[in-house]
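Each chain, letter by letter, is given below.
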Amino acid sequence: MGSRIPPVKGTRDVLPLDIYKDSDEPWLRIGHYQLIESAARTTFPLYGYREARTPILERTELFARGIGEATDIVGKEMYTFDDGAEGKSVSISMRPENTASLVRAYVQHNVQQSEPETKWWYLGPMFRRERQQKGRYRQFTQIGVEAFGSQGPRIDVEQIEMLHRWLTALGIPFAMHLNTLGDGETRPRWKAALQDYLRAHQAELTADSVARIETNPIRVLDSKFDKPEILEGAPRIDAFLSDAARAHFDGVKEGLTRLGVPFVVDPRLVRGLDYYTRTTFEAIATEGLGAQSTVAGGGRYDGLVKQLGGGDVAGVGFAAGVERLALLCAAAGREASSRPVLFIAPLGEAEEKKADELAQSLRAAGLGVEVSLRRANVGNMMKRADALSARFALVLGGDEITSGRAKLKELKTGAQHEVSLTDLVAALGQLS
RNA sequence: GUGGCUGUAGAUCAAUGGUAGAUCACUGGACUGUGACUCCAGGUGUUGCGGGUUCGAGUCCCGUCAGCCACCCCA
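## So, unusual backbone geometry
Its identity is not glycine, yet Arg278 carries a phi of approximately 50°, on the positive side. Counting through the fold element by element, Arg278 comes out in strand E11 (residues 277–285). Located in the positive-phi region is Ser389, a residue other than glycine, with phi close to 55°. Mapping Ser389 onto the fold places it in the loop between helix H15 (378–387) and strand E16 (392–396).

## Section: the sheet that holds strand E6 (residues 90–94)
Taken in spatial order, the three strands of this open sheet run E4-E6-E5, and their pairing is antiparallel. Two strands close off the open sheet at either side, each with one partner strand: strand E4 (57–59) and strand E5 (80–83). Taking the axes of each pair of neighbouring strands and ignoring which way they run, one obtains an average angle of 40° across the sheet. Pairing geometry for E5 and E6, over four bridges, is antiparallel.

## A word on a nonpolar patch on the surface
Taken together, the side chains of Ile56, Leu57 and Phe81 make up a nonpolar region of the molecular surface, amounting to roughly 240 Å² of accessible area. Considering the arrangement of structural elements, one finds Ile56 in the loop between strand E3 (50–51) and E4.

## Some points on the sheet that holds E3
Paired through their backbone hydrogen bonds, the strands of a sheet run either parallel or antiparallel. Spatially, E3-E7-E8-E13-E12-E11-E9-E10 is the arrangement adopted by the eight strands of the open sheet, whose pairing is mixed. The outermost strands of the open sheet, each flanked by one partner alone, are E3 and strand E10 (264–265). In the sheet, E3 pairs with strand E7 (residues 118–127) via two bridges, with the strands oriented parallel. Counted as the bridge partner of Arg50 is Trp120 from E7.

## Quick notes on the side chain of Ser293
Residue position: Ser293 is located in the loop between E11 and strand E12 (294–300). In contact with Ser293, not counting residues within four places along its chain, are Ala283, Ile284 and Ala285.

## Concerning the packing of aromatic side chains
Here the distance between the centres and the angle between the planes together describe a pair of aromatic rings. With the rule as written, the count across this model stands at 10 aromatic pairs. For the pair Trp120 and Phe148, a centre-to-centre distance of 5.7 Å together with 80° between the ring planes defines the contact as edge-to-face. Of the two residues, Trp120 is situated in strand E7 and Phe148 in strand E8 (residues 139–148); the sequence distance between them amounts to 28 residues. Per residue, the accessibility class of Trp120 equals that of Phe148, and both read buried. Ring centres of Phe281 and Phe318 lie 6.3 Å apart, and the angle between their planes is 70°; this geometry places the pair in the edge-to-face category. One end of the pair, Phe281, is in strand E11; the other, Phe318, is in strand E13 (residues 315–321), and 37 residues separate them in sequence. Exposure class is identical for Phe281 and Phe318. Each is buried. Taken together, the aromatic side chains of Tyr106, Trp120, Phe148, Tyr275, Tyr276 and Tyr301 make up a single cluster linked through ring pairs.

How each quantity is defined
- Residues numbered from 1 in each chain as written.
- Chains lettered and ligands numbered in written order.
- Predicted model: local features only at pLDDT ≥ 70, side-chain atom pairs only at ≥ 80, totals over all residues.
- Heavy atoms only, no water.
- Helix = DSSP H or I, 4+ residues; strand = E, 2+ residues; numbered from the N terminus.
- Pairing = 2+ DSSP bridges.
- Axes fitted to C-alpha atoms, helices over the stretch in contact; angles between N-to-C directions.
- Patch = residues over 30% accessible without salt bridge, like charges linked within 9 Å, V, L, I, M, F, W, Y side chains within 5 Å.
- Areas by Shrake-Rupley, 256 points an atom, 1.4 Å probe, with all protein chains shown as cover.
- Salt bridge = Lys/Arg side-chain N within 4 Å of Asp/Glu carboxyl O.
- Contact = heavy atoms within 4.5 Å.
- Phe/Tyr/Trp six-rings, centres within 6.5 Å; stacked < 30°, edge-to-face > 60°.
- Buried < 20%, exposed > 50% of the residue type's maximum accessible area, 1.4 Å probe, protein only.

Treat this as a map of the structure, not an account of what it does.
What follows is the structure, encoded as structure tokens:
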């Protein structure tokens, strides 16, 4: 008589089931996640990235210092609690992103000493307490990479090319947007100039934009509600770039062009996290995601390692939203599937025992085999084989056991092949 | 956090304020020897939840929760 316990708001189950919330909204299945993850697992190591895992829980301080106290993520979206288990209270948060954690691990283990140039990739759930909408959930999954210790533009280029390759392999329609935020001095100087300009035009701006002059003036440039001529007249970052920062950005653009990676320079591309410097980039889906169309975003964070107690080590990384990618894969009908090679339908008790033994030996040979576990007529068992999308079905009755031969039915074509039960492995290998 | 829309069977949706239904899916049977076609049978639904109005509420009103979409922000 228990009542149902509802799931936590903004979280969702990912099942191997064909569940549709409504007719034109494909529900995410595990197969969509697996497709994206396996593409990452095969692509990233080609570029020398190795997987790293860090805890979901970190001290709140890490995110406050790493991501920025003033950001929305840290200011109001983290799941934070006090952990008093060791006598004194420590503030703990569930990670809202993974870069700060990886930098902490990098510093913690003095990786700089043993491997000055390091490339890591990661995968896992992140948590932000936001109001959900399409492609945005409170628990979501990110796949990302970080490259530590390389200064020049070639690593930026290599990483963007890798992101391009991965998304292309997944069949995602996207455009790569590219910008530079300049080095450590550029951004504050540009920001100040922008604020001066916007304050001078306050009277003509919307209330939202006026409020953002102080909090996030760069975002004002992205406003959809203000007069374009005001936004276009704003000071551009170009005028504030140092020679070194400009040369770096030119190097990135030249490298991408040389490797044939398409991109668009987008001066309004701003990354929200405080740690970004110089190169920033975003892969933006060109269809299918509504307002949450950024599918991957990243850039340089040259000061972050030092800020978190390490050496003066450069970094570049990106993070991709798996749910957003999965929605696009779902819309395109692309999905990883695991289907059995063979479904065995035994007709009686003795046949069931024989079927179990056959299945065991086939599985030992690496073949996926499903055995009917319920006693039913052949038609129903065939129906089950069909539902599982088995490649072949085999009916096992008394005749087959005494003769040692059976008919292997290929479900897609309906063709039947007579085979010997003793070398089913070879027969299946030959047919598939 | 702000705003808009929506909550009825596993799914998609019906039901003038008056007996809660259809289709698909699922299970079984027709059919102890072969799935997709056909026919038949099978539903104990907290109508999201809680109040209110009414002789009577799935339907009207209020609240609340959840989902969706947008703002904000971000992957």
